[in-house]
Amino acid sequence: MSRTRYTALSFLTGLLFSAVTMLTGFFAMPWLLRWLGEERLGAFRAAQEYGGYLGLLQLGLLGALLPLLSQALGREDKARAGEVLAAGVRLYALLALLAGAAGLMLGAALPHLVQVRPELQDDLQQGFWCGLLALCFWPLLPFQYLALARQRLYAVNLLNLLQALCVTGLSLYWAWAGWGIKGQYLALVLSGLIFFGGLAVLGSRWLPGAVGGLFARKVSAEVKGQIWSLNWPALGTQVCERVSVLSDSLIVACLLGTAQVVPFFLTQR
């Protein structure tokens, strides 16, 4: 398949993802409001934004791994690509442990950061800690970069679409079943199995032998040096993106209360 077709597929699947998630969001939100209530749903949105800042502990590795993988695949050097992928998986495994420790401390402080009624504090805190299980997927993030380096953005879009549909279905079910904020976080974690599992399966086809030798493969000092020289500019960009995108609901929750996060979020949509 030519690059033009890959680009067209990526564009069309991106449009499909936007359209389907918008429609399902309009369908699901009234039911979530009915079953969760504005305060629970608003607190969940605000806690999600706090949790999003844990992503800064990825230290901008996307900006390092993606060009290195693209360079290796452009030269058809599968050994080099496997080495970069293995380095990325190991680094993300270590960073996931660091983010987990930071997440536990953030969860302990969450009732003071997101103001809710006392009877909702345990649900909020326990739900946030359940959401930290998603950090187990961080070591698989390099497979997403492998897909982008191979110009398979359409595959990422389709897996994102399946994940979004799964999140919506599970969120609705667990809201109806009375699982509260914990159910919303569990929906996010379980749906991640579809996205990251799919990426790992596809990655093993695009780069045969890569999955089995991730932790056994030797990584050269050159590759390590290139990763740590390229990630810092990307981290600066990532900080700016996080602050600009993951602040609105936090400000609304602090000034107006968590219940006002929901109409604000819906107006944005």
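Asker: Kindly report on the overall build of the chain, identifying the contributing residues and their values.
Answerer: A count of helical and extended segments in the chain gives 11 helices and zero strands. Going residue by residue from the N terminus, the α and β elements of the chain occur as α-α-α-α-α-α-α-α-α-α-α. Its C-alpha radius of gyration of 20 Å places the chain within 12% of the 18 Å reference for a compact globule of 269 residues. In terms of overall dimensions, the chain has a C-alpha envelope of 55 × 40 × 30 Å along the principal axes. Burial analysis of the chain (269 residues in total) assigns 46% to the buried set. Pairs at least 24 apart in sequence give 84% of the contacts found in the chain among residues at least 6 apart. On the chain, roughly 13500 Å² of surface is accessible, and the fraction owed to carbon and sulfur atoms is 66%. Treating the 19 positive side-chain charges of the chain as one cloud and the 12 negative ones as another, the clouds have centres 12 Å apart.

Asker: Residues and numbers for the packing of aromatic side chains, please.
Answerer: Tallied over the full model, the rule gives 10 aromatic pairs. The interplanar angle of 85 degrees and the centroid separation of 6.4 Å between the aromatic rings of Tyr92 and Trp138 together place this pair among those described as edge-to-face. Highlighted residues: Tyr92 in helix H4 (residues 78-113) and Trp138 in the loop between helix H5 (118-131) and helix H6 (141-149), separated in sequence by 46 residues. In this structure, Tyr92 and Trp138 share a single accessibility class: buried. Where Tyr92 meets Tyr145, the ring centres are 6.2 Å apart and the plane angle is 50 degrees; that geometry is what we call tilted. With Tyr92 in helix H4 and Tyr145 in helix H6, the pair connects residues that are 53 residues apart, well separated along the chain.

Asker: Please set out the nonpolar core residue by residue, giving values where relevant.
Answerer: Core analysis: the biggest nonpolar cluster contains 69 residues, and Val114, Leu124, Trp138, Leu146, Leu199 and Ile227 have the highest contact counts within it. The element best represented in this core is H4, accounting for 13 residues. Those residues in contact with Trp138 that lie beyond four places of it in its chain are Leu54, Gly55, Leu57, Gln58, Tyr92, Leu95, Ala96 and Ala99.

Asker: Outline the confidence of the model for the chain, listing residues and values.
Answerer: Mean pLDDT for the chain: 84, with 94% of residues reaching 70 or above. For the chain, helix H11 (residues 261-268) is the element with the lowest average pLDDT, namely 72, and helix H7 (residues 153-176) is the one with the highest, namely 92.

Asker: Quick rundown of H7? Include the residues and the values.
Answerer: Taking 1.5 Å of rise per residue, the 24 residues of H7 would be expected to cover 34 Å, and the 34 Å separating its terminal C-alpha atoms lies within 8% of that figure. Following H7 by one or two positions, Gly178 has its phi on the positive side, about 85 degrees.

Asker: Account for helix H10 (residues 248-256), with residues named and values stated.
Answerer: Of the positions making up H10, those classed as buried are Ser249, Leu250, Val252 and Ala253. Across the axial projection of H10, the buried residues extend over an arc of 165 degrees, all falling on one side. Opposite the packed face of H10, turned more than 90 degrees from it, sit the exposed residues Cys254 and Leu255. At the C-terminal side of H10, Gly257 shows a positive phi close to 100 degrees.

Asker: Can you explain the side chain of Gln163? Please cite residues and give values.
Answerer: As for its placement among the helices and strands, Gln163 is situated in helix H7. Residue contacts for Gln163: discarding those within four places in its chain leaves Ser191, Gly192, Ile194 and Phe195.

Asker: Break down unusual backbone geometry for me, with residues and values.
Answerer: In this model, Leu59 sits at a positive phi of 60 degrees, which is unusual for a non-glycine residue. Here Leu59 lies in the loop between helix H2 (38-52) and helix H3 (62-74). At Gln151, a position not held by glycine, the phi torsion is positive, near 60 degrees. Owing to a relative accessible area of 35%, Gln151 belongs among the partly exposed residues under this scheme.

Parameters and conventions
Residues numbered from 1 in each chain as written. Predicted model: local features only at pLDDT ≥ 70, side-chain atom pairs only at ≥ 80, totals over all residues. Heavy atoms only, no water. Helix = DSSP H or I, 4+ residues; strand = E, 2+ residues; numbered from the N terminus. Rg over C-alpha atoms; globule rule 2.2 N^0.38 Å. Buried < 20%, exposed > 50% of the residue type's maximum accessible area, 1.4 Å probe, protein only. Contact = heavy atoms within 4.5 Å. Areas by Shrake-Rupley, 256 points an atom, 1.4 Å probe, with all protein chains shown as cover. Lys, Arg positive; Asp, Glu negative; His and termini not counted. Charge placed at Lys NZ, Arg CZ, Asp CG, Glu CD. Phe/Tyr/Trp six-rings, centres within 6.5 Å; stacked < 30°, edge-to-face > 60°. Core = buried A, V, L, I, M, F, W, Y, C linked by side-chain atoms within 4.5 Å. pLDDT = per-residue confidence, 0-100. Expected span 1.5 Å × (residues − 1). Arc of directions from axis to C-beta.

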